[in-house]
Structure formats: C-alpha cells, structure tokens
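If you want the building blocks of each chain, they are given just below.
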Amino acid sequence: MTDFIKETITSRQNPLVTRVSKLSDKKYRDAERLFRIDGVKLFSEAVKSQLDVEYVFIAESSCERICNELSGELSKVSGRIIKVTDEVLSKLTDEKAPQGIVTVARQFEVGADNISIGADHRALLLSSIRDPGNLGTIIRTAYALGIDCVYMSSDCADIYSPKTIRAAMGSIFRQRLSIVADELEFAAKLRNAGCEIYAAALRDNAVRLGNMTLPDKVCFAVGNEGHGLSNEFIEACSGTVIIPMNPECESLNAASAAGIICWEICRERLLRR
C-alpha cells in the first residue's frame, strides 16, 4: 500500500525540508500562504474538508502502517506524498512525539469584515484572544454547538499556528470565520444589520446569562484573557451579560467563558425548535 509514495528525502538540509520547517514562524506562513498540519487525525480532517494539500511527509518507520490506515485519504491527495527519515520528520514538526505524518496545506478562506446575516444568526466576536490554545478551543466549541460565525479581531492569535490548529482540530477547517479590522466599526455594522451584540463584561446593569431571551440575530463578544473588552467597545454594544458563578471565583478562562456562552446560545436555540 506504499504505491502512493513516489519520492524519498533523507537529508535534513534538503531545500524543501528547510522551507517547510520555517512554517512554524507566522511570517513564513503568511509569505508562503501555507500552514502545517501535524498528525493522523488532522490529516484526515484536512482531506475530508477538501483543503488544498501541497505536501504529505510520512516517516519511514511509520510508512507501511500509515499508508494502510489512510489509503482512502491518501488516494485523494493531489499534492506530493513523500517518504522521509524519522530524523527529517522531526525537523518538520514541533511535536515532541510526532505521529509519523506531517501535512502542508494552502491557507483556507477566511472572511474579512464579512457580514452575511440570515434571519437567524448566532455569532461570537473574539477580541484580542492571544493564546492560540484558547482560540483553537473556542473555534472547536463554536463549531460543535452550531455557532454561525466566529468573528475575530485582527490581533487575535494566528489561526494557522500549529497550536491553534491542534486545539481546534478539524473544526477550524469547517467553522465560518471572519477577521475584523476595526471592532467599533464592526459592532456598528452588526447593529445596523439588525444583529444585537452583547459584551461579556461585569457591569451594574449586566444581565445574567440564562435570564434573557435571545433575539433572532445576536452576537456575544468575549475579550482578552487578561484585560477583557475595552470600555469604548462595551459602550458600543447593545448591552452586557455576565456568567453566574461562585462569587469567590474572580473570573473564567476565555475559552471556558466562550464555551458557556456557546452552550447558552445552543440551548436557547434548541428550545425554540
């Protein structure tokens, strides 16, 4: 079942190996318009999501097993499938225990300030979420719970970071995403389009999550892990919400807070059906 492989690389100094190893750095990812995908599960998800796969590197020690397990997926790859030594594979990935396969794909389409709102629109706006693990976890949760779009400020963590990709798993290839250049302008655009936007923030007039009837078109904003949302942005929103919790607990991790909000959106939407 190794007929998929037409070439072999044995040198860590090979120009393609050097080029791909640089994809750990955002500036190289952006310049090449490529990103790296580590592991068996994410390779399968990339193929299932019809990403444009440029290269698949398979470790010599895992070659027969991976070609047998993933024969269906490998048959759909139009890019180059290359066998490499284990030493070469270790240069291509930051994983401490690589699974024997590293994939390189073209960056997928992400909207820019894109508002396309139907009659029933449920969304998240993420402001300055800098931790790629948190960002990936939020995207994975949003997809699982049926969020229509995840809007992200331009200073959020890179969605093509290996850490973001790993945390989001295959969800990031299918969840609708959009990058927001100016949060204040975007909040105004949402409201003008009939979409109410609520900031997750502690205010005297904040409504407890679960005690409100959600409008058909609604977006919840979650802020930076350390600083939350700016006062200016909160003032531009339709209102504020808080997550009821133990008063002895000061705050929640951004990914946890976003997950609870996603569940409330999902629960409220299901009750309407």
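The numbers attached to residues start from 1 for each chain and follow its sequence in the written order. Side-chain atom pairs in this predicted model are given and counted only at pLDDT of 80 or more, local residue features only at pLDDT of at least 70, and totals for whole chains, interfaces and linings cover all residues. The basis for every side-chain value is the complete set of heavy atoms in the structure, and neither hydrogens nor water enter the calculation.

What follows concerns a nonpolar patch on the surface. Residues M245, L252 and I260 make up a contiguous nonpolar surface patch of about 210 Å² in total accessible area. Looking at the secondary structure, you find L252 in the loop between β13 (239–242) and α11 (254–272). Exposure above 30% relative accessible area and the absence of a salt bridge qualify a residue for a patch, where like charges join within 9 Å and nonpolar side chains (Val, Leu, Ile, Met, Phe, Trp, Tyr) within 5 Å. The Shrake-Rupley method, run with a 1.4 Å probe, gives the accessible areas here. Residue values count only the displayed protein chains as cover. Basic side-chain nitrogens of Lys or Arg form a salt bridge, by our definition, when they fall within 4 Å of a carboxyl oxygen of Asp or Glu. Runs of E in the DSSP output that reach at least two residues are strands. Runs of H or I that reach at least four are helices, and both are numbered from the N terminus.

Our focus in this paragraph is the layout of surface pockets. Two kinds of site are reported from a 1 Å grid over the protein atoms alone, namely cavities, where a 1.4 Å probe fits but cannot get out, and pockets, open sets with protein on both sides within 12 Å along at least five of seven lines, and residues are called lining when an atom falls within 4 Å of a point. Grid points are joined across faces, edges and corners, and a volume is the space filled by probe spheres set on the points. Looking at the second largest pocket, its volume works out to about 230 Å³. What lines the second largest pocket is a set of 15 residues, and nearest its centre among them are K26, D158, I159, Y160 and I179. Secondary structure elements with two or more residues in the lining of the second largest pocket: α2 (26–32) and β8 (149–153). Side-chain classes are defined by residue name, with Ala, Val, Leu, Ile, Met, Phe, Trp, Tyr, Cys and Pro counting as nonpolar, Asp, Glu, Lys and Arg as charged, and the others, Gly among them, as polar. Of the residues belonging to the lining of the second largest pocket, the class tally is eight nonpolar, three polar and four charged.

What follows deals with helix α9 (residues 183–192). Within α9, burial applies to E183, F186, A187 and L190. The buried residues of α9 all sit within an arc of 105° when viewed along its axis, so they share a single face. Working rule for contacts: check all heavy atoms of both residues, and any pair within 4.5 Å makes them a contact. Tucked into the core, α9 has its buried residues touching β8, β9 (177–180), β10 (196–200), β12 (217–222) and α10 (231–236). For this analysis, a polar contact is any N or O atom pair within 3.5 Å, provided that within protein one partner can donate a hydrogen and the other can accept it, and provided that sequence-adjacent residues contribute only side-chain to side-chain pairs. Looking at where α9 begins, the residue whose side-chain oxygen comes 3.0 Å from the main-chain nitrogen of L184 is D182. Burial classes: relative accessible area under 20% of the type maximum marks a residue as buried, over 50% as exposed, and values in between as partly exposed (1.4 Å probe, protein chains only). When we speak of the arc, we mean the arc of directions from the helix axis to the C-beta atoms.

Don't take any of this as a statement about function, it's just geometry.
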